[in-house]
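Secondary and tertiary structure notes
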Amino acid sequence: MINLLKAYYQWSKIQDNSPDERPKRVFRIINLLGNKRYIKARNTFLKSSKNVSLLNREETLSKILKQYNRFENYPEGSLGKEYYNFMRGDEVDYAKFITAYKEDGAKIENKLHKKFDEREKDLHDLIHIIFGYTRSRFGEGATLVTQYWQGGATGLGMIMLFGVIRTIYKWPSSAKTLLIACKDIYKRQKNIDLRSYPFEDNLDKSVGQIRKELGVSPPTKAINICERFTSWSWTPQKG
């Protein structure tokens, strides 16, 4: 219970942070609530020799994405170009993100486990792009809870739960749409194996094609409404 309260405190401070500071809060929440689900998902992933080969490549996904400026001239609509626009458009301080990750992420000695950990971090931004979730408060929550349902740490799901409860408390009229949106987020990722998809081999492929290959459906009406009317200040956007 104490760790849950500490996690809530960390979550309550997220909205006051700039985008490049928020990951640090997220990692603290993850550490407070444990990594049992994450470790189970990691062990399942590593049972596949194909997955292990992905992690053991000389040019890993993490190494490639750190140099995202190389994607500037990729075709419009390609995963590489969309990743470049995503990182540049939101003015994310990637170096600070990595620093926060190293300071607050789980300390792992096993090299293969560490590579999996790095890939899991990169999966966050790729979920934003593949599923079309923005960096709004709702979009971040949708991305984190997608990662949770994909086998991520308990803290990722708890962040979304805190947000849903707070939003319904402040705006009871939003409850129906928000709960439908949460159900839709779950359905969009259900039965999709994101971790095993070789994103590093498909950066020049269109995001639309990758969505078809994975079976990702378009955002629903409820998701679009929630994206449109949320901000980090807890003040609904108008228009």
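Residues numbered from 1 in each chain as written. Predicted model: local features only at pLDDT ≥ 70, side-chain atom pairs only at ≥ 80, totals over all residues. Heavy atoms only, no water.

This part takes up the overall build of the protein chain. For the protein chain, the helix and strand inventory stands at 13 helices and zero strands. Each helix (α) and strand (β) of the protein chain, taken in turn from the N terminus, gives the series α-α-α-α-α-α-α-α-α-α-α-α-α. Considering only residue pairs separated by 6 or more positions, the protein chain has 69% of its internal contacts joining residues 24 or more positions apart. (Helix = DSSP H or I, 4+ residues; strand = E, 2+ residues; numbered from the N terminus. Contact = heavy atoms within 4.5 Å.)

Right, let's get into the packing of helix 8 (residues 111-131) against helix 9 (residues 137-149). Where helix 8 contacts helix 9, the axes come no closer than 9 Å and their chain directions differ by 120°. Judged by the angle between their axes, helix 8 and helix 9 are oblique. At the point where helix 8 passes helix 9, the crossing takes the right-handed sense. Of helix 9, the residues touching helix 8 (which contributes Glu120, Leu123, His124, Ile127, His128 and Phe131) are Gly139, Glu140, Thr143, Leu144, Thr146 and Gln147. Looking at the contact of helix 8 with helix 9 residue by residue, the class counts come to four nonpolar, six polar and two charged. (Axes fitted to C-alpha atoms, helices over the stretch in contact; angles between N-to-C directions. Parallel < 35°, antiparallel > 145°, perpendicular 65-115°, else oblique. Left-handed = near helix turned anticlockwise from the far one by under 90°. Nonpolar A, V, L, I, M, F, W, Y, C, P; charged D, E, K, R; others polar.)

This prediction gives the protein chain a mean pLDDT of 86; 87% of its residues lie at or above 70. The secondary structure element of the protein chain with the lowest average pLDDT is helix 7 (residues 94-104), at 49, and the one with the highest is helix 12 (residues 207-214), at 98. Confidence drops under a pLDDT of 50 for residues 232-239, and excluding neighbours within four residues, the segment shows 25 contacts in the predicted structure. (pLDDT = per-residue confidence, 0-100.)

Given a rise of 1.5 Å per residue, 15 residues ought to cover 21 Å, and the 22 Å separating the end C-alpha atoms of helix 11 (residues 175-189) matches this to within 8%. Along helix 11, the positions that sit buried rather than exposed are Ala175, Leu178, Ala181, Cys182, Asp184, Ile185, Arg188 and Gln189. Tucked into the core, helix 11 has its buried residues touching helix 8, helix 9, helix 10 (154-170) and helix 13 (221-228). Looking one or two residues beyond helix 11, the residue adopting positive phi is Asn191, at roughly 65°. (Expected span 1.5 Å × (residues − 1). Buried < 20%, exposed > 50% of the residue type's maximum accessible area, 1.4 Å probe, protein only.)

Below, the discussion takes up the pattern of salt bridges. Under the counting rule described, the total for this entry stands at eight salt bridges. One salt bridge connects Asp201 with Arg57, and the closest N-O pair in it is separated by 2.7 Å. Of this pair, Asp201 sits in the loop between helix 11 and helix 12 while Arg57 sits in the loop between helix 4 (49-55) and helix 5 (61-66), and the two are 144 residues apart along the sequence. For Arg57, a relative accessible area of 32% translates into the label partly exposed. With its nearest N and O atoms 3.1 Å apart, the salt bridge here joins Lys121 to Asp122. One salt-bridge network, held together by shared partners, links Asp125, Arg135 and Glu140. (Salt bridge = Lys/Arg side-chain N within 4 Å of Asp/Glu carboxyl O.)

Quick look at helix 1 (residues 2-14) now. An ideal rise of 1.5 Å per residue puts 18 Å on 13 residues; helix 1 measures up with 19 Å between its terminal C-alpha atoms. Every buried residue of helix 1 is listed here: Ala7, Gln10, Trp11 and Ile14. For helix 1, the angular spread of buried residues about the axis comes to 100°, placing them on one side. Exposed residues on helix 1 whose side chains face more than 90 degrees from its buried face are Ile2 and Leu5. (Arc of directions from axis to C-beta.)

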